[in-house]
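In case you want the letters, here they are:
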Amino acid sequence: MKFIANYKSWLDQSILDTILTTEGDRRPTNAPVESYKLELAKTLHNAGYTNDKVGWTLYYPSHFDKPIVPPIDIGNGHLWFCKLNPGDMFPMHQDLFEHEDPNLKRYWMACQDATPGHIFVYDSEPLVGYKAGDLFEFTNAKAWHGACNIGFIPKITLQLVRV
């Protein structure tokens, strides 16, 4: 991962308050897996992951009362926030998109300072010592990555995709 810059001044407390006080979209669901994600789903299933062992909550711009304008230009891309409550886990995975774009750029932003128990792994390396607002670019948009929260407070991150 490549550090881009710190955008702490961009982080609006009302965004974090909404994430901390509303339900969001809980994942995974029991909906059928999209065809382009079947191989990844098989890999996770064969490793023993089940819906009762993993979970995370997503927040899209539609969850907020005001527009979310990202801190960087993402073109026609999209953004979402991810919340991991204590005990939540998002297994190692690759981000897969139905329509592949060779110009796709993937970014990850910490919405809090690194906290004991908040774990993020990119490729085979844990990301440590980050600060709220630190924005990182995935040097490989298809890199394996995952996160979990073995701490005591929710872990919140912003995900950005530029196309």
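Please refer to the structure placed before this passage.
Residues numbered from 1 in each chain as written. Predicted model: local features only at pLDDT ≥ 70, side-chain atom pairs only at ≥ 80, totals over all residues. Heavy atoms only, no water.

Student: Before we go on, may I ask you to explain the pairing of strand 10 (residues 145-149) in this structure?
Tutor: Side-chain direction in a regular strand flips from residue to residue, so the side chains alternate between the two faces of the sheet. Here strand 10 lies mainly inside the structure; five of its five residues are buried. Where burial is concerned, the two faces of strand 10 agree: the one with His145, Ala147 and Asn149 and the one with Gly146 and Cys148 are both buried. Pairing between strand 5 (residues 89-93) and strand 10: three bridges, direction antiparallel. The residue bridging His93 from the neighbouring strand is His145, located in strand 10. Both strand 7 (residues 118-122) and strand 10 contribute to a ladder of five bridges, which runs antiparallel. Residue pairing across strands places Phe120 opposite Ala147, the latter belonging to strand 10. (Buried < 20%, exposed > 50% of the residue type's maximum accessible area, 1.4 Å probe, protein only. Helix = DSSP H or I, 4+ residues; strand = E, 2+ residues; numbered from the N terminus. Pairing = 2+ DSSP bridges.)

Student: Whenever I open this one, the environment of Ile19 confuses me. Can you help?
Tutor: With respect to the element layout, Ile19 can be found in helix 1 (residues 13-21). With relative accessibility at 0%, the residue Ile19 sits in the buried group. Linking Ile19 and Ile156, residues 137 residues apart in sequence, is a C-alpha distance of 8.2 Å. Ile19 has contacts with Tyr59, Phe64, Phe81, Lys83 and Ile156, leaving out every residue within four places of it along the chain. (Contact = heavy atoms within 4.5 Å.)

Student: What is the right way to look at unusual backbone geometry in this model?
Tutor: Peptide bonds are trans in most cases, and residues, glycine excluded, mostly fall at negative phi. Geometrically, the link from Arg27 to Pro28 is a cis peptide bond, its omega value of -5° lying close to zero. Of note in this structure, Asp123 is not a glycine but carries a positive phi near 60°. Looking at where Asp123 falls in the secondary structure, it is placed in the loop between strand 7 and strand 8 (125-126).

Student: Would you mind showing me how to read the nonpolar core here?
Tutor: Here is a general trend for soluble globular proteins: nonpolar side chains tend to be buried in one another's company. If you look at the biggest cluster of nonpolar residues, it comprises 21 residues, and the most contacted ones within it are Trp56, Cys82, Leu84, Trp108, Phe120, Leu127 and Tyr130. Secondary-structure elements contributing two or more residues to this core are strand 3 (56-59), strand 4 (78-84), strand 6 (105-110) and strand 7. A per-element tally of this core places strand 4 first, with three residues. In this structure Tyr130 touches Trp108, Ala110, Gln112, Asp113, Ala114, His118, Phe136 and Lys155, once residues within four positions along its chain are discounted. Membership of the second largest hydrophobic core comes to 20 residues, among which are Leu16, Ile19, Phe64 and Met109. (Core = buried A, V, L, I, M, F, W, Y, C linked by side-chain atoms within 4.5 Å.)

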